[in-house]
Amino acid sequence: MKYYLGLDVGGTNFVAGIIDENYKIIEKAHIPAGAGRDIKEIIADMVKVSLEVVHKAGMQISDFTSWGIGMPSFVNPETNLLVHANCFGWKNVPIYSYLEPYIPLPIYIENDANCAALGETLAGGARGHENVLMLTLGTGLGGGIILNHKIYAGADMMGAELGHTKLVYNGEQCTCGQYGCAEAYCSATALIRQAKEGLKRNPDSFMAKLCDGDISRLEAKTVFEAMEQGDILAKQVIEQYIDYLSCAISSFVVIFRPEIIILGGGVANAGEILRKPLQERLLVNTYAGDEIGVPEIRLAECGNDAGLIGAAMLEKYGMDRNKKQGVEE
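Keep in mind it's a predicted model, so treat the numbers as computed, not measured.

So, how was this worked out
Residues numbered from 1 in each chain as written. Predicted model: local features only at pLDDT ≥ 70, side-chain atom pairs only at ≥ 80, totals over all residues. Heavy atoms only, no water. Buried < 20%, exposed > 50% of the residue type's maximum accessible area, 1.4 Å probe, protein only. Helix = DSSP H or I, 4+ residues; strand = E, 2+ residues; numbered from the N terminus. Contact = heavy atoms within 4.5 Å. Salt bridge = Lys/Arg side-chain N within 4 Å of Asp/Glu carboxyl O. Axes fitted to C-alpha atoms, helices over the stretch in contact; angles between N-to-C directions. Parallel < 35°, antiparallel > 145°, perpendicular 65-115°, else oblique. Left-handed = near helix turned anticlockwise from the far one by under 90°.

Colleague: Would you take a moment to explain helix α7 (residues 220–228) for this structure?
Modeller: Note: α-helices contain 3.6 residues per turn, so residues at a spacing of three or four share the same orientation. If you check which residues of α7 are buried, you get Ala220, Thr222, Val223, Phe224 and Ala226. Structurally, α7 contributes buried residues whose contacts are with α5 (188–201), α6 (206–210), α8 (232–256) and α9 (272–285).

So, in structure tokens, the structure goes:
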């Protein structure tokens, strides 16, 4: 049996894990991220939690052939610099130089959304498929593309930022600073904003009662709960949200024609009351949908483990960017 060492770096926690060749998690360890600290302290904790999981499993670093890491950024293949990890305030960080002295393994670093897409393809809702599109409907709109069982991110290996494709010309401002991005309409943050805007016009909505009149406490799940209770405003907000999301996905479908679409993140926890109408709207909003059809939309199955599984498997299914670190397939 072969084993893989992975690390999922998030803004809240660092989770290290050992994955076997059947994509099963053998052991995990985690540590708080502590964003805002000195970079050397954060690097030390990334190393610490990775060594901890190895020791918990009774293994040695020499039992692994690589260390795969998922991070909220991309590595520029020309400079080997981690471009922009917003949660840590990092820009153009020589990440390999920081990590290489501590663990004597080839290091594979990939965007965390890409890792999640790979994890779901190998062990989750997209098992058995080679061409997959995954969207994570959370605070932002994460996206990952798997083509021919490999992560795809374009010629410069920093693409597939699906959340920052334009959906509405000169529309709502996105967290990235641009206007009209899909993230500004299809994330959980966007759904909450749309619901709050509705509540200003309809303060008697059941949504307001669910958060005791304090709309600052409104969450995405509150909107779905209110809709299930028959609230008209909540139904209108969710229908609009599904229209936005289906239009965004339709663009990705006509470009990539994936076999299957995976939805993860907090909004996807709504389950079938989101998935079913979204599938129906996708058919209507996609070019030649009636003639060609559209991919099936499925809900993610790996939960928070998708990114960890994908990170661990970067040695096998990552992109050619890693050859710059001397790693050959």
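Colleague: Got a minute to help me understand unusual backbone geometry in this structure?
Modeller: Note on backbone geometry: most residues besides glycine have negative phi, and most peptide bonds are trans. Positive phi, close to 45°, is recorded for Arg257, a residue that is not glycine. Within the secondary structure layout, Arg257 lies in the loop between α8 and β11 (260–264). Given a relative accessible area of 35%, Arg257 falls into the partly exposed group. At Ala288, a residue that is not glycine, the phi angle is positive and equals roughly 55°. Checked against the element boundaries, Ala288 lands in the loop between α9 and α10 (289–292).

Colleague: I would appreciate a short explanation of the pattern of salt bridges in the present structure.
Modeller: Once the charged atoms of two side chains with opposite charge are near each other, the side chains can pair. Enumeration over the complete set of coordinates arrives at 12 salt bridges. Note that Glu272 is salt-bridged to Arg275, the shortest N-O span being 2.7 Å. With a gap of three residues between them, Glu272 and Arg275 both fall in helix α9, about one helical turn apart. Residue classification places Glu272 among the partly exposed positions, given a relative accessible area of 43%. One salt bridge in this structure joins Arg298 and Glu296, with 3.3 Å as the shortest N-O distance. Note on Glu296: relative accessible area 39%, which makes it partly exposed. Several salt bridges converge on common partners, so that one network encompasses Glu172, Arg193 and Glu197.

Colleague: How should the packing of α7 against α8 be read in this particular structure?
Modeller: Working note: a packed helix pair is described by the angle between its axes plus the distance between those axes. Running from N to C, α7 and α8 point in directions that differ by 125°, and their axes come no closer than 7 Å. In terms of their interaxial angle, α7 and α8 are classed as oblique. Relative to α8, the crossing made by α7 is left-handed. Here α7 contributes Val223, Phe224, Ala226 and Met227 to the contact with α8, which in turn contributes Ala234, Lys235, Val237 and Ile238.

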